[in-house]
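Fold and geometry: a report
Letter by letter, the chains look like this.
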Amino acid sequence: MEAGRLLEYRGEAIRQTVRHRRGALSSHILFALAISRQAGHCSNRGVCFMFKPQTCAALVAMACAGLAQAADLPEFAGDPVIVTASRAPQPLSKTLADATVITREEIEESGAQTLQQVLSRQAAITITGNGGPGTLSNIFMRGTNSSHTVVLVDGVRISSATSGTTAIQSIPLEQIERIEILRGPASSLYGADAIGGVIQIISRRGEGEPHFNAGLEVGNRGTGKLTAGVAGVQGNTAYSLQLSHAQSDGFSATNPSNAYSYNPDNDGYNTDSYSANLTQTLAPGHDLTVRLFQSFAKADFDQNPIGQDWTKTRLTGQSLESKNQFTDIWTSTLRFSHSQDKQETFSDVTGGQRNSLYQTTQNEWLWQNDLSTDFGKFILGATHGDQKVESDSVFTKNTRSTNAGFLTYQLDLDKYLLQASVRRDHDDQFGGKTTGKVDYGYRFAEGWQIRAGYGTAYKAPTFNDLYYPLAYGYQGNPNLKPESSINTELGLEYRHQGSSFRLTGFHNQISNLISSGSLGNGISTSLNIKHATIRGLSLEGQTKLADVDLSGNVTLLDARDDSTGQWLAFRPRQSANFTASRDWGRWTTGVEQQIASVRYDNYSNVTLHGYGVTNAYVDYHFAKSWTATARVENLFDREYQTVYGYNTGGLGAFLGVRYSQ
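In this report, the structure presented in the accompanying data block is examined. Just so it is clear, the model here is predicted, and its values are computed rather than measured. (Residues numbered from 1 in each chain as written. Predicted model: local features only at pLDDT ≥ 70, side-chain atom pairs only at ≥ 80, totals over all residues. Heavy atoms only, no water.)

**Details of unusual backbone geometry**
A positive phi angle, close to 55°, is found at R142, a residue other than glycine. Counting through the fold element by element, R142 comes out in the loop between β5 (137–141) and β6 (149–153). (Helix = DSSP H or I, 4+ residues; strand = E, 2+ residues; numbered from the N terminus.)

**What to know about the pairing of strand β10 (residues 211–219)**
As paired elements, β10 and strand β11 (residues 223–234) share 9 bridges and run antiparallel to each other. Counterpart to H211 in the pairing with β11 is A231. Between the antiparallel neighbours β10 and β11 lie 3 residues, among them R221 with a positive phi of about 60°. (Pairing = 2+ DSSP bridges.)

**A word on the sheet that holds strand β9 (residues 197–203)**
Reading across the sheet, the 5 strands line up as β3-β8-β9-β6-β7 and stay open at both edges, with mixed pairing between neighbours. Looking at the sheet topology across the chains shown, the edges are occupied by β3 (98–103) and β7 (156–157). Across 5 bridges, the pairing between β6 and β9 is parallel. Looking at the pairing, T149 lines up with G197 of β9.

**Concerning the pairing of strand β16 (residues 330–347)**
Along any regular strand the residues' side chains alternate between the sheet's two faces. With respect to burial, β16 is a largely interior element, 15 of its 18 residues being buried. Bridging between strand β15 (residues 309–325) and β16 involves 17 bridges; their strand directions are antiparallel. The partner of K323 across the bridge, within β16, is T333. Linking two consecutive strands that pair antiparallel, namely β15 and β16, is a turn of 4 residues. Sheet analysis places β16 next to strand β17 (residues 354–373), joined by 17 bridges and oriented antiparallel. Each residue of the ladder has a partner; that of D341, found in β17, is T360. From the end of β16 to the start of β17, which pair antiparallel, there are 6 residues, and G351 there has a positive phi angle of about 70°. (Buried < 20%, exposed > 50% of the residue type's maximum accessible area, 1.4 Å probe, protein only.)

**Here we look at the pattern of salt bridges**
Enumeration according to the criterion identifies 30 salt bridges in this entry. Here D154 makes a salt bridge to R205, at a shortest N to O gap of 2.5 Å. Residue D154 is located in the loop between β6 and β7, and its partner R205 is located in the loop between β9 and β10; the two are separated by 51 residues in the primary sequence. The exposure class assigned to D154 is buried, which follows from its relative accessible area of 5%. Beyond isolated ion pairs, a larger network of salt bridges with shared partners links D98, R142, R183, R451, E489, E493, R502 and E540. (Salt bridge = Lys/Arg side-chain N within 4 Å of Asp/Glu carboxyl O.)

**A word on the packing of aromatic side chains**
Scanning the model with the defined rule gives 20 aromatic pairs in all. Ring geometry for W310 and F346: centres 5.8 Å apart, planes at 10°, overall stacked. Within this pair, whereas W310 is found in strand β15, its partner F346 is found in strand β16, the two being separated by 36 residues in sequence. Looking at F346, the relative accessible area reads 11%, which means it is buried. With a centroid separation of 4.7 Å and 45° between ring planes, the pair formed by W448 and Y494 is classed as tilted. On the criterion of sequence distance, the pair formed by W448 in strand β22 (residues 448–459) and Y494 in strand β23 (residues 483–496) is long-range, its members being 46 residues apart. Since its relative accessible area comes to 29%, W448 is described here as partly exposed. Above the face of the F346 ring, K312 is positioned so that its terminal group lies 5.2 Å from the ring centre. (Phe/Tyr/Trp six-rings, centres within 6.5 Å; stacked < 30°, edge-to-face > 60°. Lys NZ or Arg CZ within 6 Å of the ring centre and 35° of its normal.)

**Brief notes about empty space enclosed by the protein**
Quantified by volume, the second largest cavity comes out at close to 670 Å³. R157, Y190, Q362, E364 and Q387 are, among the 43 residues lining the second largest cavity, the residues nearest its centre. It is strand β18 (residues 376–391) that contributes the most residues to the lining of the second largest cavity, 5 residues altogether. Class assignment of the residues belonging to the lining of the second largest cavity gives a composition of 13 nonpolar, 19 polar and 11 charged. (1 Å grid on protein atoms, 1.4 Å probe; cavity = no way out; pocket = protein on both sides within 12 Å on 5 of 7 lines; lining within 4 Å. Points joined across faces, edges and corners; volume = space filled by probe spheres on them. Nonpolar A, V, L, I, M, F, W, Y, C, P; charged D, E, K, R; others polar.)

**Some thoughts on the nonpolar core**
One finds L115, L119, I139, I179, I181, I199 and I201 to be the most contacted residues of the largest nonpolar core, which totals 25 residues. For this core, the elements supplying multiple residues, two or more each, are α6 (115–120), β4 (125–129), β5, β6, β8 (176–183) and β9. Judged by nonpolar contacts, the second largest core, of 14 residues, contains A85, V101, V150 and A194. (Core = buried A, V, L, I, M, F, W, Y, C linked by side-chain atoms within 4.5 Å.)

**Topic: the side chain of R335**
Mapping R335 onto the fold places it in strand β16. Residue class for R335 comes out buried when judged on its relative accessible area of 1%. A distance of 3.2 Å separates a polar side-chain atom of R335 from the backbone oxygen of G155. (Polar contact = N/O pair within 3.5 Å; in protein donor to acceptor, adjacent residues only side chain to side chain.)

**What about the side chain of N255?**
Turning to its location among the elements, N255 is positioned in the loop between β12 (237–251) and β13 (267–283). Residue classification places N255 among the buried positions, given a relative accessible area of 12%. Among residues more than four places away in sequence, those in contact with N255 are Y262, Q641, G645, Y646 and N647. (Contact = heavy atoms within 4.5 Å.)

Structural data, given as structure tokens:
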């Protein structure tokens, strides 16, 4: 829906410019060869393999590979596990990063309807939306651009190479087992774009005896949701299949202050999705895994003052992975992944004909070795990735390839913790870029840890930034330089007996920040800002007081263009989220408050007013495995905007029932 992304508010895409076993080893090689035979063949319904035989042969020669996945997470009693912060499982209490883990249980108890709602409650994250739940949404993490956050689904990057963002509005919450959030520079772990951080979405996995889950939900504005799934382990096979459907009649995406595209009609949406995971244990320590995810969404938006405009979005993520533990200290996995972001726009004005097509296809090989030694843990790896853009707009260049190698080191000396990482990326368009990060932690008392970090990151311009042909008052700039950043931070943490507290201060200077500018004659383009500085402080914690579970976070932010002193768009200077809930036995009740201060919309030259929104929810466990749910959103029917000229939902009520064995 790239044209839609550009047109919806002259796009976030336009206005922000973006937007030691021989047998086991043999099976590893056979796995790679089986994929390489498919090189050059593509099917719309299957995985598209687009590697040259020479590339595949070189990668096969590596023999082994991988990224530790959440399906294999060990258990740390009372301590959440996170993979994203280091590319290997580790307890959150020993993570030297500003990181958060959101479990399936927490998602269900919150009563949230969408992924955007879950993310918007987290510290140092702002979500903007161009209308209702199905319309364009963007993530601003730690005050960086919406294209500075890498979104992974089961380790696979799903994003648009033209806008530079991920259509999070098309990722159903029902498919998610857990969400891992890593704030701060992460290019030394995940390559380009991770200036603000990484969000990894992990789908449901097969564990334990076979079990089923299902859910039904209805609400005002014609909202409905239906989900079903099955998961478990049978012999040496673990499996999971989840299906979901959601729809709503919605409300008008725009209001009269939107001079470009106001239309008072209701803008609804519907989404169908599935995720499937299958892991076959070939021998102890040797697993072969297939993971599939796909989402089909249709969402109305406002572009013309009459009739209806709508987008169709298809997100696809597929991977095949062979994970092998060859020795007590060496684990290796070979993984191939394929993803697509397909966006189409349609309009009644053109008789329902398609107005635009933007499709990004990404293929990646990943090789990673985890080595656990007496001197610490080493993670060594290499990646090869290809991007291809297909569009009815003519781009002067529509492909990009990247090769990278990385090394991560972790040392745990009880009181003293160290993590360091370095990565070298080579882009066939912009050449080489080296990024690194080092973090040190000191556990000076039981439950207490102080940490300090320094890291660099970078982002290559998107295809829209560089090559977008003149249309809708915007034109790309082929002379753009890649963005780079230097981030320093200090943190203080406390975790003990279910209570936690984290205070983080950060300073991020971004060079060549990509923003919008003017070519004259009413035509805008992408330009590099020499320097932008983002300073911030985030505080978050949770505890129990008088049987009430309390959690909250506060973020203070100063994000400016150094040359003009102007505030960067859509970043609130202060924001906060608070939640209180109590378990009464069969009943669980809760209330949450979201607060954001004024934000400046540079592109409309408007200051957006601050707002406070209150939500409330109730869960009732009326039978074994059965839970009834009720949720009220925007309890006091506050009017507010996250993007100028675009509406947000008023008072809303939702009822549902959930079954989970």
